[in-house]
Amino acid sequence: MDYNFSDIEKKWQRIWREKHIYKTETDASKQKYYVLDMFPYPSGAGLHVGHPLGYIASDIYARYKRQKGFNVLHPMGYDAFGLPAEQYAIQTGQHPAVTTEKNVNRYREQLDKIGFSFDWDRSFKTCDPDYYKWTQWVFIQLFNHYYDNNLQKAQPIEKLAAHLSAQGTEGLNVAQTEPLELSAEEWNSASEKEQQTYLMNYRLAYLADTWVNWCPKLGTVLANDEVVNGLSVRGGYPVERKQMKQWILRVSAYAERLLQGLETVEWTDSLKEIQRNWIGRSEGAAVCFPLAKNDDLDWKKLYMGGNCDVQSEPAFEIFTTRPDTIFGVTFMVLCPEHEMIEAITTPEQKAEVEAYVTWAKNRSERERQAEVKKVSGVFTGAYAVNPITEEHIPIWVSDYVLSDYGTGAIMAVPAHDSRDFAFARHFNLPIRQVVAPQPNEVSDPDTWEESMDSKTGYCVNSGFIDGMTVKEGGKAVIEKIQTMGIGYRTINYRLRDAIFSRQRYWGEPFPIYYKDGMPYPVPESELPVLLPEVDQFLPTETGEPPLARAKNWTYNGYQREYSTMPGFAGSSAYYLRYMDPHNDTCLVSKEADEYWQNVDLYVGGAEHGTGHLIYARFWNKFLFDLGISCKDEPFKKLINQGMIQGRSNFVYRVVGTNKFVSLNLRKDYETTPIHVDVNIVHNDVLDIEAFCNWMPDFKDAEFVLEDDKYICGWEVEKMSKSKYNVQNPDDLVEKYGADTLRMYEMFLGPVELAKPWDTNGIEGVFRFIRKFWRLFHDGEQNFCVSDEEPTAEEYKILHKTIKKIEEDNERFSFNTAVSAFMICTNELLEKKCNKRKVLEPLTVLISAYAPHIAEELWSLLGHDTSVVTASFPAFDEKYLKETSYKYPISFNGKTKYQKEIPLDLGVKEIEELVLQDESVQRWLDGKTPKKVIVVPRKIVNIVC
RNA sequence: GCGGAUAUGGCGUAAUUGGUAGCCGCGCUAGACUUAGGAUCUAGUUCCUCACGGAGUGGGAGUUCGAGUCUCCCUAUCCGCACCA
């Protein structure tokens, strides 16, 4: 029988499906292993060849682990809520649920064709009410908890209310939106609404007025990770800054734990670094700069915020990582959004300041980022007092100070900060050197080209810290401000709280209703809050989200929250749900969670480094605090599969003609490159007939050929329809079979590596698969396996391969494993070895990579069970033992000869043997070697 | 600007972890079988040289008997962050 991959693959896929062969049960007798892929967003375009790369790798590993006796959880589902389905709905009026369903079916069909070992019985979509019920449930828990900094743990909000009732904010060390001072009496005499307002300051999911990334084109706000260079990631539309009331997750409360947790996981250094940068921990000090007395100001109205103990006078709290430079402060800068600008601006400056603030606030995020180098700002007319030097320094406003980092106010040290330097130069503000490489190396800052930002050196012109190193100086300043009660050591994080509302339709509705203007969660018994039907998916005319269109959609007559949750909500706990997907009493049962623990191997793209992978870790840490997840970190080991780029082909049309010139002849012509469908190009040779039929324009095309061929040019680009470089896995499965596709995708190179998709090599893998098939068949293609005992040499080939495959599987080096299979097959073919005792274990080995052909051969070998249940063969060291080793003989490090030497010889004996060797004698030509280095099992090096 | 990674034949890559650089595959060359080849098989294929031989892992130094691998300094490419005080 010929190798008919099409029949074989269909047959086994059917059997696997019918027998639910990959169904996984909790089985306490077996060790668990959890392999997870980042689930896909089912877009209308279907899967391309890049998607399955990670899935194939994880599938191989999952199958391998099963063979090693583990109980493997390997689920798959769909991240189905999100913008594209909704954009499509707005354009066509089709319900997103309908298009999503259609796309999901298409994805499933495509995935099935590749032969994955997913347990589909555990599958769900994030838009299934049975699932999003638990997304909503977690949100309510976030709403009902706050973060206790002393315990480093989330706590029920009732506990906080009790604390406030007993002693007000006294002794409270919690994550909060802004510092509040509240006495027990004030709390106890506050109305329900006032109390709720106070509590909102502490909840882990809170509602607040905030500056957001507003994307008018998408009609929604976006989180920081959904905006790149001022443009939305989805769609690439401009994003503006806008103040809006939004739901926000207090991710920043977990900043330190998110950072610390990175030490305990096996992720790549680069991804850990991406997360560390995103969290952006900075150690430094908060210092209060009192406002200089000014009779024009209403002193009482000025409350500046901050944690300082200075209550008697208005003061700005600033954050600095360089307290050692406090003697070099020559001005202060506030962000344009700063609340106190209006209050402190002097009448003379008022018009100018207002104009600047208005201008700065109305700039789009994109404009602001594009003009980072441009210095702009305005003087408020007010002065602050440097608390250490008691100097008066002018207070300026500029948009280079950000409202959402630190306190939105900075002390400017132009001599030692490049941004302050540029600002001072532009507005002619004084620059004072306070750090020097050596205590005596002081120069005139007016002559400087740039600031001295170095974090090493000595303090100069710096009062009581003069002569200290920068490090000592910083320490001394912090001690001083702490004893003065005007500042403290503190840590700032770049990580911002995540805006959690989206003014869109296709997402999880919030389980929230409003009473007396305050939000309340619906009772848990009311979950899920189903997504209501609406007549149109557009926002309403009043700018309210589409859910405001829903008829009679209230909670007992109270208005519901009309926003929906963002994409990352549904993907933040899905790995927990797979452990226990049908449980309708809780997100995941204690039993299931304790058995499956967390994901052992997570495979997905690095592009989620600052989005999903942060949110999911945050979400999991919160659930860990609640005792729902037994592990602090959700993903133990993570592999980032490299992006697959497209490889486009080009033909070169001579300008003004319908004539096409082959790649290497085009220098004689003036040509324009034109994208050509990669499916009609083979190894960069154009199929001319197919090309003429491809488009009517090319019907009568003429060609200038080289060697009777038309050679196309190529370039690596993004995979996209318009570039005609999309490779669809179905076509390849059709042509070569799933097993070939699987092995080829692995053969392409290391999983982590980004690489252009290039079908050129797939023939080689296809050839190999057929050779493998041929091992089990005679010349007439009849199944033919002998029961003869294999020779020692044949056993050696087998055990060498088992060892290599095991090692490669363990280190996720699937490309080298495929090579090992090829070598093994070539060697066995050469020996014409068709012995059962060799081929049977080999079939098991390859079944993780090419499961269909393995199943078929397994059954031909006479097994009535599936190869899936076979265990990984053990290799026997005795067949791998060498009795001799071919030593490279080097002279001065250069290898000249090889000599076979028995392995049981000692170093001295080897040396003697080598020196007696004829070739060596000839090379030495009578000279005596200075030194002979013998490294057993490695090399003999003769130094002359 | 800051941070991370990578650099090996015409191409994708490999290298027992400091020990014969180029495994495996593509492509290419020659041959066999074929009406034919975008099929199959065999042999060859890092570069220079007819050869002997020499050079060679982005460039330069260093450690070592010995460096693709370790250290330092450059260069290039890719990725992440980017007025984060």
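Our subject is the structure listed above.
*Asks:* I'm lost on the sheet that holds strand β9 (residues 240–249) in this one. Help?
*Replies:* Strands pair in a sheet through their backbones, by hydrogen bonds, and they do so in one of two ways: parallel or antiparallel. Within the open sheet, the 4 strands sit side by side as β6-β5-β9-β19. Their pairing is antiparallel. Edge strands, defined here as strands with exactly one partner in the open sheet, are β6 (220–222) and β19 (498–499). As judged from the 2 bridges shared by β9 and β19, these two strands associate in the antiparallel manner. Its bridge partner being in β19, Ile248 is matched across the sheet by Ile499.

*Asks:* Quick question: what am I supposed to make of the environment of Phe872 here?
*Replies:* Take Phe872: it is sitting in the loop between α27 (851–860) and β34 (884–891). With relative accessibility at 9%, the residue Phe872 sits in the buried group. Put simply, Phe872 and Leu842 are 30 residues apart on the chain and 9.7 Å apart in space, counted from C-alpha to C-alpha. Setting aside chain neighbours within four positions, we find Phe872 in contact with Tyr64, Gln67, Lys68, Ile802, Ile805, Glu806, Asn809, Val844 and Leu845.

*Asks:* Which parts of the structure should I look at to understand the sheet that holds strand β10 (residues 281–290)?
*Replies:* Taken together, 3 strands build an open sheet; the order of strands is β11-β10-β18 and the sheet is antiparallel. Taken across any chain shown, the strands that pair with only one partner, and hence form the sheet edges, are β11 (315–320) and β18 (487–493). With direction set aside, neighbouring strand axes in the sheet form an average angle of 35 degrees. Relative to β11, β10 is paired through 6 bridges, and the arrangement is antiparallel. Counterpart to Cys288 in the pairing with β11 is Glu317.

*Asks:* Explanation requested: the packing of aromatic side chains in the structure shown.
*Replies:* Aromatic rings in a pair are described by how distant their centres are and how their planes are angled relative to each other. Taken as a whole, this structure holds 71 aromatic pairs when the rule is applied. Between Phe772 and Phe776 the ring centres are 5.5 Å apart and the planes differ by 55 degrees, which places this aromatic pair in the tilted class. Each member of the pair, Phe772 as well as Phe776, is classed as buried. Taken together, the ring pairs connect Tyr33, Tyr61, Tyr64, Phe70, Phe812, Phe814, Phe821, Tyr849 and Phe872 into an aromatic cluster. For Arg63, the ring lying beneath its charged end belongs to Trp16, and the centroid distance is 5.3 Å. The ring of Phe464 has Lys480 sitting right over it, with the charged end atom 5.0 Å from the ring centre.

*Asks:* For this particular structure, what's the right way to read the protein's contact with RNA strand B?
*Replies:* If you check the shell around RNA strand B, you find 50 residues, and the closest are Tyr400, Arg419, Arg496, Arg767 and Gln898. Within 4 Å of the protein, the atoms of RNA strand B are drawn from sugar and phosphate moieties in a proportion of 61%. Between Ser282 and RNA strand B, the recorded distance is 2.5 Å, taken from a side-chain N or O atom to a phosphate oxygen. Arg494 is positioned such that a nitrogen or oxygen atom in its side chain is 3.3 Å from a sugar or linking oxygen of RNA strand B. Going through the elements one at a time, α10 (269–279), β11, α23 (762–775), α25 (814–830), β35 (894–902), β36 (931–935) and β37 (939–943) are the ones with two or more residues in the surface near RNA strand B. With 6 residues, α25 is the single largest residue contributor to the surface near RNA strand B. Classifying every residue of the surface near RNA strand B by side-chain character gives 20 nonpolar, 17 polar and 13 charged.

*Asks:* Whenever I open this one, the packing of helix α5 (residues 129–143) against helix α19 (residues 612–625) confuses me. Can you help?
*Replies:* Between α5 and α19, whose axes approach to 11 Å, the crossing angle comes to 70 degrees. If you check the angle between α5 and α19, you find them roughly perpendicular. For the pair α5 and α19, the sense of crossing is left-handed. Listed contacts from α19 to Thr135, Val138, Gln141 and Leu142 of α5 are Phe618, Trp619, Phe622 and Leu623. Here the contact of α5 with α19 is composed, by residue class, of 6 nonpolar, 2 polar and no charged.

*Asks:* Quick question: what am I supposed to make of the nonpolar core here?
*Replies:* The nonpolar side chains of a soluble globular protein tend to be buried with one another. Counting 188 residues, the largest nonpolar core has Trp247, Leu249, Phe500, Tyr574 and Met743 as its most contacted members. Of the residues forming this core, the biggest block, 9 residues, is contributed by α5. Ignoring any residue separated from it by four or fewer positions in sequence, one finds Tyr574 in contact with Leu36, Asp37, Met38, Phe39, Phe124, Tyr131, Tyr602 and His612.

*Asks:* Explain the packing of helix α24 (residues 792–810) against α25 here, please?
*Replies:* Between α24 and α25, whose axes approach to 9 Å, the crossing angle comes to 170 degrees. Here α24 lies roughly antiparallel to α25, going by the angle between them. Across the interface between the two elements, Ile797, Lys800, Thr801, Lys804, Ile805, Asp808 and Asn809 of α24 pack against Phe814, Thr816, Ala817, Ala820, Phe821, Cys824, Glu827 and Leu828 of α25. Per-class residue counts for the contact of α24 with α25 are 8 nonpolar, 3 polar and 4 charged.

What counts and what doesn't
Sequence positions are assigned chain by chain, starting from 1 and proceeding in written order. All chains are assigned letters beginning at A, and all ligands numbers beginning at 1, according to the order in which they are written. Only residues with pLDDT of 70 or above have their local features reported here, since the model is predicted, and side-chain atom pairs are shown and tallied only from 80 upward, although totals for entire chains, interfaces and linings are computed over all residues. Hydrogens are left out, water is left out, and the side-chain values use all remaining heavy atoms of the structure. Two strands pair if DSSP finds at least two bridges between them. Counting from the N terminus, the helices are DSSP H or I runs at least four residues long and the strands are E runs at least two residues long. Type-normalised accessible area, obtained with a 1.4 Å probe on protein chains alone, sets the label of each residue: buried when under 20%, exposed when over 50%, and partly exposed for intermediate values. Note on contacts: a residue pair is in contact if any heavy atoms of the two residues lie within 4.5 Å. Where helices are involved, their axes are fitted lines through C-alpha atoms of the stretch in contact, as for all axes, and angles between N-to-C directions lie from 0 to 180°. For this analysis, a ring pair means two rings from Phe, Tyr or Trp (six-membered ring only for Trp) whose centres lie within 6.5 Å, classed as stacked if their planes differ by under 30 degrees, edge-to-face if by over 60, and tilted for the remaining angles. Whether a charge sits over a ring comes down to the Lys NZ or Arg CZ being within 6 Å of the ring centre and within 35 degrees of the ring normal. For this description, a residue counts as near a given molecule or strand if any of its non-hydrogen atoms is within 4 Å of it. In the analysis that follows, any N or O atom pair within 3.5 Å is treated as a polar contact, provided that within protein one partner can donate a hydrogen and the other can accept it, and provided that, for residues neighboring in sequence, both atoms belong to side chains. Amino acids are sorted into nonpolar (Ala, Val, Leu, Ile, Met, Phe, Trp, Tyr, Cys and Pro), charged (Asp, Glu, Lys and Arg) and polar (every other residue, Gly among them). In this scheme, roughly parallel covers angles under 35 degrees and roughly antiparallel covers those over 145, while 65 to 115 is roughly perpendicular and the rest are oblique. Handedness of each helix crossing follows the sense of rotation of the near helix against the far helix: counterclockwise by less than a right angle gives left-handed, clockwise gives right-handed. The nonpolar core is taken to be a set of buried Ala, Val, Leu, Ile, Met, Phe, Trp, Tyr and Cys residues, with the residues joined through side-chain atoms within 4.5 Å.

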